[in-house]
Amino acid sequence: MRYIGFLITLIITASLGVVLSISINSIPPLGILLDPHHGFWQHAYSEDALAQESIALKNLKGTVEVVYDEHLIPHIFAENDEDLYRVQGYVTAQHRLWQMEFQTMAASGRISEIVGDIALDIDRMARRKGLPYAAEVAMQYLEKNEPETIRLVEAYADGVNQYIDNLSIARLPLEYKILNYRPESWSAYKSMLLLKYMADMLVGDRDLEFTNLRNMLGSTVLGKLYPDFPRDNDPIIEASKIWDFEPLPVSQPQGIQYPKDSISFENLTQPVEGTGSNNWAVHGSKTASGSPILANDPHLSLNLPSIWYSLQLSTPDHTVKGASLPGALGIISGFNEHIAWGVTNATRDTRDWYKITFKDGNRAEYLYNDRYIQSTFRIETFKIKGQEDFIDTIVYTHHGPIVFDKSFRGDRSDVNYALRWTAHMESNEQRTFLELNKAKDHDDYIEALNHYTSPAQNFVFASKSGDIAMKVQGRFPLKWAQQGKFLMDGNDPAYEWQGFIPNEHNPATLNPARGYVSSANQHPVDPSYPYFVFDGSYEHYRNRRLNSRLEEMQAITIEDMQQLQFDNFNLHAAEALPIMLNLLDFDESTDPDSEDARYFYQLAEWNFYTHPNQTEPTLFQVWWDKFYELTWDKWKKENHPILLPNKYQTTLLLAEEPESEFFDKPETPQIESGADLVKEAYKELISFMKVWNEENEEYSWATYKNTTVQHLVPNFKSFSRSGVYTGGGAGILNATSSRHGASWRMVVEMGDQIKAYGIYPGGQSGNPGSKFYDHFLKTWAIGSYANFDLRTKNSREGILFTTKFSK
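Along each chain, residue indices are assigned from 1 in the same order as the chain's sequence is written. In keeping with the predicted nature of the model, local features appear solely for residues at pLDDT of at least 70, side-chain atom pairs appear and are counted solely at 80 or more, and the whole-chain, interface and lining totals rest on all residues. Hydrogen atoms and water are omitted, and side-chain values are computed over all heavy atoms in the structure.

## Describing the overall build of the protein chain
Going along the chain from the N terminus, every DSSP run of H or I of four or more residues is numbered as a helix, and every run of E of two or more is numbered as a strand. Helices and strands together make up the secondary structure of the protein chain, namely 22 helices and 29 strands. We compute the radius of gyration over the C-alpha atoms and compare it with the globule rule, which gives 2.2 Å times the number of residues raised to the power 0.38. Against the compact-globule benchmark of 28 Å for 807 residues, the protein chain has a radius of gyration of 27 Å, which places it among compact chains. Seen along its three principal axes, the alpha-carbon backbone of the protein chain occupies a region of about 80 × 70 × 60 Å. Counting the 807 residues in the protein chain, one finds 63% classified as buried. Only heavy atoms matter for contacts: two residues are in contact if any of them lie within 4.5 Å across the pair. Taking contacts inside the protein chain between residues at least 6 apart in sequence as the whole, the part at least 24 apart equals 73%. Computed with a 1.4 Å probe, the accessible areas rest on the Shrake-Rupley method; for each residue, only the protein chains presented here act as cover. When the accessible surface of the protein chain is summed, it comes to about 30,300 Å², and 50% of that surface belongs to carbon and sulfur atoms. Only four residue types enter the charge count, namely Lys and Arg as positive and Asp and Glu as negative; His and the chain termini do not. For this purpose, a charge sits on NZ of Lys, CZ of Arg, CG of Asp or CD of Glu. Positive and negative side-chain charges of the protein chain, numbering 74 and 106 respectively, have mean locations separated by a distance of 5 Å. Accessible area is worked out with a 1.4 Å probe on protein chains only. A residue is then buried under 20% of its type maximum, exposed over 50%, and partly exposed in between.

Below, the structure written as structure tokens:
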């Protein structure tokens, strides 16, 4: 039955692929797609059915054994690092080749080559942001300064390429067949592209939106609604931290005049409010076993094939296990025999925008310090499937590439905005993870992080020796107060970054007295930290819920930490709903069986949890969304991007200033209050639910939220999984919204015998026909885990199959 269902959905997806191809005048060869010996029929298998006992691999120094457990997780045992990473490349390509290449093609602005001009704007943006340029800079740095890293990255690439070289048409990943193209050779450069792709995915900036807001509101109102520090600031590094260093001086220029531009085009994609990641570690003094416990759940888009690929890597010198990124070496979030670590996004502003003034229309020179200096040109050729090539000219200044101009999104000839971004600078993030994989103590962890620059991350740490730690790591520009918050004048040297915060000055803590460290994308520090720290999208709810629970918990177990990762309590609702119910001023004489009263009493009795079968979360979310739209949608102007006040500041305003002018609707003759909008939104809730109930059988939270794990090609809906039955939501520790959530959950206890558990929403295989494509999904959705303990080479328990690699 499984294969029949797979073939039916596959035919549907193939049809979608044909429709897409027809739209770009290039129809896939259906004869090959339907060929029983080479086409989609060949993908109605699972990997254990194709297991090979031995594989010949060139350039190995010794024999490598790969043991697959019942989840198709490979445990690679090699005698040296070069063999280890060569086989990691081969094995990862076996299961995730299409994903690896698709993501790097996205990073390099080449998706149009396989789907046509529908992706041209996306491709142009990737190159205008300088992702290929950033990968080239990284490669040049590695080749010049990091011979060990480049040696291992090239070994990995060799393993991938040996798999590609021996890949038959029958075994070619299905997406290649549907989209009618073939894999290219892998390279070290592509691994660098993947890391830059992740850097881009995890960074945001609000300079252009704040520029519009400053023009619209003025500095005073802007500061009120968008404060640098929220009132309930519970920072990543404990507020009691004493900064025991002498900060570098930063001179703030006088009389700064920002450009008064009004931005009228779509900015870069920004992080979605309420999504992010969690990590924490608790000291042995707070655990039942007396050993530290570390937890990590990075929140990203929910995709198939899964973002992560789990594996164990072992040599005689080290053994490490956890989640890897297909295309990068080693483990990104995991543990070895001595330490465990995990990451969350640090949410730091490491991208700034500069307005550039060119001498004339040919843009060969631009104004800097009131003198014209030379710009450089990068000619980009875009190959488009079924069409002629498209040529784009990107101008580079010393600040960085001109992303927006009159030929790309800009609507005026004076729009020339350059992007300065730390990801464009020399770096070797790959070395950080190679060293973390082998680290034995806190000193090793700090040394590994010294090589890490972008994207900024909060690295949590726990060791078998009992230490716990947290460090906010990245390359952070030295800025004067408010610098980088708005579009800056590219002519004025006063707007230049004045250097970088030294690594040893980045916020960090080791074994704090409170007995735990944690991060959930909130503000990293309290105001005592001596450097300017800013970002427009810090988190306000998950972090407070997490810290309050960690503060009160004692005798903590692994099960406690798993339950905390899956915690469904909605702190925002707990703070906002009582205010809204009170302002509603509900007439309690209303018939309790009426629709009006039924929803009111449901919400009044709600416990603020968001379990999948509950209906109250749906009612609250619809009511809140309607109220939020009534409050802030009047600020939206066509083609004028702004950042609306977040739900924390909105709730605070409603609680303390319900008569504020911000609640007034300018299109009406009367003056509205917060209470008026709450009541109007409640009426809209009733109207919404009337329509919903006519069209749907229920309004449970899982049904309304409709969590979907989507294939990387959105058109391939039959390769996606919708309607996942799970709770949580944005701003909740179990941050599972419609399209985002915990892409990986890991809990590790660092005792004499390490105990580890992990799970992610998908599976090891990239083949939609495999039972391992999504076999973790149901387990993930209910908050359960798979055992992730380290395996020894001689262990025979739970083996799916074994493959030996030799020359």
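## Comments concerning the nonpolar core
Judged by nonpolar contacts, the single largest core of 148 residues is most densely connected at Val87, Leu436, Met561 and Phe805. Ranked by residues supplied to this core, first place goes to helix H3 (residues 81–107) with 13 residues. Each residue touching Met561, except ones within four places of it in the same chain, is listed here: Trp280, Val282, Ile293, Leu550, Met553, Ile556 and Val747. Buried Ala, Val, Leu, Ile, Met, Phe, Trp, Tyr and Cys residues form a nonpolar core when they are joined through side-chain atoms within 4.5 Å.

## Quick notes on the side chain of Ser518
Looking at the secondary structure, you find Ser518 in strand S22 (residues 516–519). Two N or O atoms count as a polar contact when they lie within 3.5 Å, although within protein this holds only if one can serve as hydrogen donor and the other as acceptor, and sequence-adjacent residues are included solely when both atoms are side-chain atoms. Among the polar contacts made by the side chain of Ser518, one reaches the side chain of Asn547 at a distance of 2.4 Å. When near neighbours in sequence (up to four residues on either side) are disregarded, Ser518 contacts Ile236, Asn279, Trp280, Met470, Leu546, Asn547 and Leu550.

## Quick word on the packing of aromatic side chains
The pairing test for Phe, Tyr and Trp rings, Trp by its six-membered ring, is centres within 6.5 Å, and the orientation test on the planes gives stacked under 30 degrees, edge-to-face over 60, and tilted for anything in between. Overall, the coordinates contain 49 aromatic pairs when judged by the stated rule. Ring centres of Phe210 and Phe534 lie 5.7 Å apart, and the angle between their planes is 65°; on these two criteria the pair is classed as edge-to-face. Taken together, the residues Phe210 in helix H10 (residues 207–217) and Phe534 in the loop between S22 and helix H14 (542–552) connect sequence positions 324 residues apart. We classify Phe534 as buried; its relative accessible area is 8%. Three or more aromatic residues joined by ring pairs form one cluster here, namely Phe265, Trp353, Phe404, Phe408 and Tyr417. A ring has a charge above it when a Lys NZ or an Arg CZ is no more than 6 Å from the ring centre and no more than 35 degrees off the ring normal. Sitting above the plane of the Phe476 ring, Arg348 keeps its charged end 3.7 Å from the centroid.

## Comments concerning the environment of Asn734
On the secondary structure map, Asn734 appears in the loop between strand S24 (721–724) and strand S25 (740–742). Residues contacting Asn734, with those up to four places away along its chain left out, are Gln565, Phe566, Asp567, Asn568, Thr726, Gly727, Gly728, Gly729 and Arg745. Within the structure, the side chain of Asn734 is placed 3.2 Å from the side chain of Arg745, a separation counted as a polar contact.

## Considerations on helix H12 (residues 429–438)
Among the 10 residues that make up H12, 7 are buried, leaving the element largely enclosed by the rest of the structure. All buried positions along H12 are accounted for by Glu429, Gln430, Thr432, Phe433, Leu434, Leu436 and Asn437.

## Details of the sheet that holds strand S10 (residues 339–345)
Between any two strands, at least two bridges found by DSSP are needed for them to pair. The strand order S1-S29-S2-S3-S7-S8-S9-S10-S18-S19-S21 describes an open sheet built from 11 strands, whose pairing is mixed. The sheet terminates laterally at strand S1 (54–56) and strand S21 (508–510), the two strands that pair on one side only. Averaged over all neighbouring strand pairs, the angle between strand axes comes to 15°, with direction disregarded. Alignment of strand S9 (residues 333–336) against S10, held across 2 bridges, turns out to be antiparallel. If you follow Phe335 over to S10, its bridge partner there is Ala340. On top of the sheet, H12 reaches strand S7 (309–315), strand S8 (318–324), S9, S10 and strand S18 (457–463); it is set at about 150° to S10, its chief contact. Strands in contact with helix H13 (residues 442–449) are S18, strand S19 (468–473) and S21; relative to S19, the strand with the most contacts, it is inclined by about 10°. Fitted lines through C-alpha atoms give the axes, limited to the stretch in contact for helices. The angle between two N-to-C directions lies from 0 to 180 degrees.

## Some thoughts on the packing of helix H18 (residues 616–632) against helix H19 (residues 647–656)
For the pair H18 and H19, interaxial distance at closest approach is 12 Å and the crossing angle is 80°. Judged on the interaxial angle alone, H19 and H18 are roughly perpendicular. Where H18 abuts H19, its residues Trp624, Phe627, Tyr628 and Trp632 lie against Lys647, Thr650, Thr651, Leu653 and Leu654. For the contact of H18 with H19, a count of residues per class yields 6 nonpolar, 2 polar and 1 charged. Angles below 35 degrees are treated as roughly parallel, those above 145 as roughly antiparallel, those between 65 and 115 as roughly perpendicular, and all remaining angles as oblique. Polarity classes work like this: nonpolar for Ala, Val, Leu, Ile, Met, Phe, Trp, Tyr, Cys and Pro, charged for Asp, Glu, Lys and Arg, and polar for all others, with Gly in that last group.

## Thoughts on the side chain of Ser112
Following the sequence through the fold, Ser112 ends up in helix H4 (residues 112–115). Residues within four places of Ser112 in sequence aside, it is in contact with Ala119, Leu120, Asp123, Lys383, Ile384 and Lys385.

## A short note on the pattern of salt bridges
What counts as a salt bridge is simple: a side-chain nitrogen of Lys or Arg found within 4 Å of a carboxyl oxygen of Asp or Glu. Counted under the stated rule, the structure contains 44 salt bridges. Two residues, Asp261 and Arg412, come together in a salt bridge whose shortest N-O distance is 3.5 Å. With Asp261 in the loop between helix H11 (219–225) and strand S4 (277–282) and Arg412 in the loop between strand S16 (402–404) and strand S17 (417–421), this pair connects stretches of sequence that are 151 residues apart. Residue Asp261 is classed as buried on the basis of its relative accessible area of 6%. The salt bridge partner of Asp633 is Lys636, with a shortest N-O separation of 3.4 Å. For Asp633, a relative accessible area of 31% translates into the label partly exposed. Shared partners join several salt bridges into a network, and the residues in it are Lys61, Glu82, Arg86, Glu148, Arg151 and Asp158.

## Overview of helix H7 (residues 147–165)
Spanning 19 residues, H7 covers 26 Å between terminal C-alpha atoms, matching the ideal 27 Å at 1.5 Å per step. Of all the 19 residues making up H7, 14 are buried; the element is thus mostly covered by neighbouring parts of the structure. Helix span is expected to be 1.5 Å times the residue number reduced by one.

## Quick look at the packing of helix H6 (residues 131–145) against helix H9 (residues 188–201)
Running from N to C, H6 and H9 cross one another at 125°; their axes reach a closest spacing of 8 Å. With respect to their mutual orientation, H6 and H9 come out oblique. The handedness of the crossing between H6 and H9 comes out as right-handed. Each of Leu131, Pro132, Ala134, Ala135, Glu136, Ala138, Met139 and Leu142 in H6 lies in contact with H9, whose residues at this interface are Ala188, Tyr189, Met192, Leu193, Lys196 and Asp200. Each crossing gets its hand from how the near helix is turned against the far one by less than a right angle, where anticlockwise is left-handed and clockwise is right-handed.

## What to know about a nonpolar patch on the surface
A patch is a set of surface residues, each over 30% in relative accessible area and not in a salt bridge, joined within 9 Å for like charges and within 5 Å for the nonpolar side chains Val, Leu, Ile, Met, Phe, Trp and Tyr. A surface patch of nonpolar side chains, about 300 Å² in accessible area, is lined by Phe377, Ile379 and Ile391. Within the secondary structure, Ile379 is located in strand S14 (residues 376–382). Given the relative accessible area of 53%, Ile379 is considered exposed.

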